[in-house]
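Next come the chains, spelled out residue by residue.
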Protein chains: 2
Amino acid sequence: MILALDAMGGDHAPQAVVDGALQALQELEQDMVIWLFGDEVQIRTCLQGKEYPEGRLLIKPATEVITCEEAPAAAVRRKKNSSVVLAAKAVADGEADCFISAGSTGAVLSCGTLIIRRIKGVQRPALAPLIPNLQGGHTMIIDAGANVDCKPLYLVQFAQMGSAYMELVEGVEAPVIGLLNNGEEAEKGNELTKETYPLLQKLEGIRFGGNCEARELMSGDFDAVVTDGFAGNVLLKSTEGVAKAITSMLKTELMGSLRGTIGGAIAKPAFASLKKKMDYTEVGGAPLLGVNGGVIKAHGSSNAKAFFNAIRQAQKLVKGGVTKKIAAAVQASEIQVEG
Amino acid sequence: MILALDAMGGDHAPQAVVDGALQALQELEQDMVIWLFGDEVQIRTCLQGKEYPEGRLLIKPATEVITCEEAPAAAVRRKKNSSVVLAAKAVADGEADCFISAGSTGAVLSCGTLIIRRIKGVQRPALAPLIPNLQGGHTMIIDAGANVDCKPLYLVQFAQMGSAYMELVEGVEAPVIGLLNNGEEAEKGNELTKETYPLLQKLEGIRFGGNCEARELMSGDFDAVVTDGFAGNVLLKSTEGVAKAITSMLKTELMGSLRGTIGGAIAKPAFASLKKKMDYTEVGGAPLLGVNGGVIKAHGSSNAKAFFNAIRQAQKLVKGGVTKKIAAAVQASEIQVEG
């Protein structure tokens, strides 16, 4: 298995990428080779003094970098020697199995659609982050922003893709798929969800759990929630924002009094444990599903641990055969949808 | 000023409605009369043994109740003697200034559009809940579910309505209005927000602060955030859901160890203070803006304090002249939009 890492993407690149890769080579299964795409001098500096299996960590020089400020599609077309484009190309050419980048989300999406390309029959690839839930597992939001305007068929395929991932990577048997909606009742919704609901009801091969209201996302009652990328982006970012706001408000309250400060200090391990459970770096990254190969978009502020976890996630994605499963599911149901 | 209360709406009706009304008559300004619509016997039972100014609290018998299980529009048309319909009718007929209900959201919306009716020129009335923010104030989400499919002009009017409310009720000078979007940059968005952005930019009479990502809702940088009712509903409910999930996770962590339990007990006042800040009962309810009179939808689980605060909010809404201000703003810009 070969994993292609964009060593130049993210706030702490290339050091965090390199450190995550080294930890993965040491701790994860040994049948994996890592290719680091990026500035050779910088990567070598990061590797200085470190011991690692040289045959399993290769530097693939890339002379350009795509920043978050650039228009993504144009940059991907123009910067043929950028780290993210070359890493994606390795997957497109069948040399690598999965690529990981913490760089510009738009650039990663463009690499997915323009370079690796859609699986035959897939209407739209989808970005699918995972949120920690109250049952100790994760709930997937699919799509979280790759497709802001959607048609019912896209959402049907998101259900198939999310189901495949949750089963093969997270090990959930018969994952429960929800339709993000503004009410639980079947007749609720906007034009899109009203049209999508009956399609999901009759879709074979997935377990449709009905409408999921946004307040149920973290309950763990659903393994994946399908939605258009606009509402999915709102859901993802509001989850992040509220978690951050409440943490910040609680800190202010605790620090505002002697009792609070003392109580907070004593209860510190409990806060640390909660923080760990809510920590995005534990999850890895958000897979881009529906393209011909593995793509994982790691958080822009990923540290070494986040990259380590993204690599572990990539291993599972490749071993599980998620891409093949999605292709088979989508092609089987094309017959249903057309007929 | 006359306020019409649906005494039968909500999980704790009629007792909580009656208690909230009694508190309001005692503590708020004296120029207000409250009409309680509902079952006379039940309301009298709730009033037993309590002292109150009899001339300022009148029972208006209503023999029917609309439940949350009924199809709202049909129920509003059929149950002419229901508490919520009669309370709305009092506003429609100009007898009362504002009506408040914690009953079925759908029924309250239907009462707004079918009985009280839209302000001339308003395309769609909008439900506009208020969320506590990090700066100690509130941020309005408009619309949070009344209109799941929207056109750009609706959102433009939501901006005018939200601005009027935040200025006249919350006392914010030149409220900052944001457009809920999947990125900060002006060119981001789905079809709806891309078309809406330039309209808001050139709209006179409001202070447009650009795109607001969902994660910024609680920052306090925006006073009101305009959105279609589907995404707004996702934003509202995910805010509620995440706050609840984190509280529950934190409780579990604290109770799971002796240190956590002790620390949590010591820091209790800090937790209580945070809870109060996040407490929806402090806000009152969500106004329905854009109809010919005051309408406030209180939370279904409202207690006496929530009703008290909804009554205070209704007072401000009426005194501030929000309806008139919205009418003037919408009519002035009709010329802009048409021309």
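Just so we're clear, the structure is a prediction, and the values are computed from it rather than from any experiment. (Residues numbered from 1 in each chain as written. Chains lettered and ligands numbered in written order. Predicted model: local features only at pLDDT ≥ 70, side-chain atom pairs only at ≥ 80, totals over all residues.)

Chemist: Describe the relation of the copies chain B and chain A, with residues and values.
Modeler: Overlaying chain B with chain A gives an RMSD of 0.0 Å, the required rotation being 180° about an axis along which the chain moves by 0.0 Å. Interpreted geometrically, this transformation is the action of a two-fold axis. Closest approach to the rotation axis among the C-alpha atoms of chain B is made by Gly 263 of chain B, whose C-alpha sits 2.0 Å away. When the interface residues of chain B are mapped onto chain A, 100% of them are again interface residues, pointing to one common binding face. (Least-squares fit on C-alpha atoms with pLDDT ≥ 70 in both. Contact = placed C-beta atoms within 7 Å.)

Chemist: Can you break down the domain arrangement of chain A residue by residue, with the values?
Modeler: All names here are of chain A. Split by domain assignment, chain A resolves into domain 1 (1–122 + 290–339) and domain 2 (129–282). The straight-line distance from the C-alpha centre of domain 1 to that of domain 2 is 24 Å. When residues of the side of domain 1 that touches domain 2 are traced back to their parent elements, those giving at least two are helix H11 (304–320) and helix H12 (322–338). Partitioned by chemical class, the residues of the side of domain 1 that touches domain 2 number nine nonpolar, ten polar and three charged. (Domains from an automatic or database assignment. Helix = DSSP H or I, 4+ residues; strand = E, 2+ residues; numbered from the N terminus. Nonpolar A, V, L, I, M, F, W, Y, C, P; charged D, E, K, R; others polar.)

Chemist: Pulling in residues and values, what's your account of the sheet that holds strand E6 (residues 130–132) of chain A?
Modeler: Residue and element names in this part refer to chain A. The mixed open sheet is built from five strands, whose spatial order is E6-E7-E10-E8-E9. Bordering the open sheet on either side are E6 and strand E9 (207–212), each of which pairs with just one other strand. Direction aside, neighbouring strands of the sheet carry axes that sit 30° apart on average. Two elements, E6 and strand E7 (residues 138–142), share three bridges in a ladder whose sense is antiparallel. Among the inter-strand pairings, Leu 130 is bridged to a residue of E7, identified as Met 140. (Pairing = 2+ DSSP bridges. Axes fitted to C-alpha atoms, helices over the stretch in contact; angles between N-to-C directions.)

Chemist: Any details on the interface of chain B and chain A? Residues and values, ideally.
Modeler: Counting residues at the interface gives 48 residues for chain B, matched by 48 residues for chain A. Broken down by secondary-structure element, the contributors of at least two residues to the side of chain B that touches chain A are helix H8 (229–255), helix H9 (258–266) and helix H10 (268–278) of chain B. For the side of chain B that touches chain A, the leading source of residues is H8 of chain B, giving 19 residues. Taken together, the residues that form the side of chain B that touches chain A break down as 23 nonpolar, 15 polar and ten charged.

Chemist: Requested: an account of the packing of helix H8 (residues 229–255) of chain A against H8 of chain B, with residues and values cited.
Modeler: It is the contact of H8 of chain A with H8 of chain B, at a shortest axis distance of 9 Å, that shows an interaxial angle of 35°. For the crossing formed where H8 of chain A meets H8 of chain B, the hand is right-handed. Note on element contacts: H8 of chain B touches H8 of chain A through Phe 230, Ala 231, Val 234, Leu 235, Ser 238, Thr 239, Val 242, Ala 243 and Ile 246 of chain B, opposite Phe 230, Ala 231, Val 234, Leu 235, Ser 238, Thr 239, Val 242, Ala 243 and Ile 246 of chain A. Its residues assigned to classes, the contact of H8 of chain A with H8 of chain B comprises 14 nonpolar, four polar and no charged. (Left-handed = near helix turned anticlockwise from the far one by under 90°.)

Chemist: Account for the packing of helix H1 (residues 15–27) of chain B against helix H11 (residues 304–320) of chain B, naming residues and giving values.
Modeler: Residues and elements named next belong to chain B. Taken N-terminus to C-terminus, the directions of H1 and H11 make an angle of 50°; their axes are 7 Å apart at the nearest point. Classed by the angle they form, the pair H1 and H11 counts as oblique. Read as a crossing pair, H1 and H11 show a hand that is right-handed. Taking contact as the criterion, the partners of Ala 16, Val 17, Asp 19, Gly 20, Ala 21, Gln 23 and Ala 24 in H1 are, on H11, Ala 304, Ala 306, Phe 307, Phe 308, Ile 311 and Arg 312. (Parallel < 35°, antiparallel > 145°, perpendicular 65-115°, else oblique.)

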